[in-house]
Amino acid sequence: MTDYRCRGVVRLLAVAALALLPPVAQAGRPVFEIEIRGHLFHPSELVVPANTKVKLIVYNRDPTPEEFESYELNREKVIMGGQRAIVFIGPLAPGEYPFFGEFNPKTAQGKIIAQ
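Residue indices follow the written sequence of each chain, beginning from 1 at its first position. Under the rules for a predicted model, residues below a pLDDT of 70 receive no local features and side-chain atom pairs below 80 are neither given nor counted, while totals for whole chains, interfaces and linings still include all residues. Only hydrogens and water are set aside; all other atoms, that is, all heavy atoms of the structure, feed into the side-chain values.

S.K.: Could you clarify how one ought to interpret the sheet that holds strand E8 (residues 95-101) in this entry?
M.R.: Note on sheets: strands pair through backbone hydrogen bonds, and any given pair is parallel or antiparallel. In this description, strands pair whenever DSSP reports at least two bridges between them. The helix count covers DSSP runs of H or I at least four residues long, the strand count covers runs of E at least two residues long, and both are numbered beginning at the N terminus. Strand order in the open sheet formed by five strands is E3-E9-E8-E5-E6, with mixed pairing between adjacent strands. Sheet topology places strand E3 (45-48) and strand E6 (75-79) at the edges, where each strand pairs with a single neighbour. Adjacent strand axes in the sheet meet at a mean angle of 20 degrees, parallel and antiparallel pairs treated alike. Relative to strand E9 (residues 109-114), E8 runs antiparallel, the two being bridged by six bridges. Pairing of Tyr 97 across the sheet is with Ile 112, part of E9. Fitted lines through C-alpha atoms serve as axes, helices being fitted only where they are in contact, and the angles separating the N-to-C directions of these axes extend from 0 to 180 degrees.

Here you go:
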């Protein structure tokens, strides 16, 4: 095999290997989890790093749907009973960001604290 053809094969293999890698931006993103049980969020307070985009996984353990909603975070997501949803938030300035369950707003309440 000529030197030129060998370099071409190496380049092709390198491109193929890079295509299989996950995006770098997602590799280091912090992941947090919240559960909905008995029409309550567990935990009701979640501390996340300030100025960082985070991935929030919300598990609905109840048999009925609930909506994760926050005016301050500009997010709303319906989660069917027994399902989960992924919500990306941030980067957030330091502070507190309340959220609630639209279908049970008197009991399903919480806040995200960015520090």
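S.K.: Would you explain the environment of Gly 95 in this entry?
M.R.: Tracing the sequence through the fold places Gly 95 in strand E8. Each C-alpha atom, one on Gly 95 and one on Ala 50, is 8.2 Å from the other, the two residues being 45 residues apart in sequence. Filtering out sequence-adjacent residues up to four positions away, Gly 95 remains in contact with Ile 112, Ile 113 and Ala 114. Whether two residues are in contact is decided by their heavy atoms, any of which lying within 4.5 Å being enough.

Remember that the coordinates give geometry; whether it matters functionally is a separate question.
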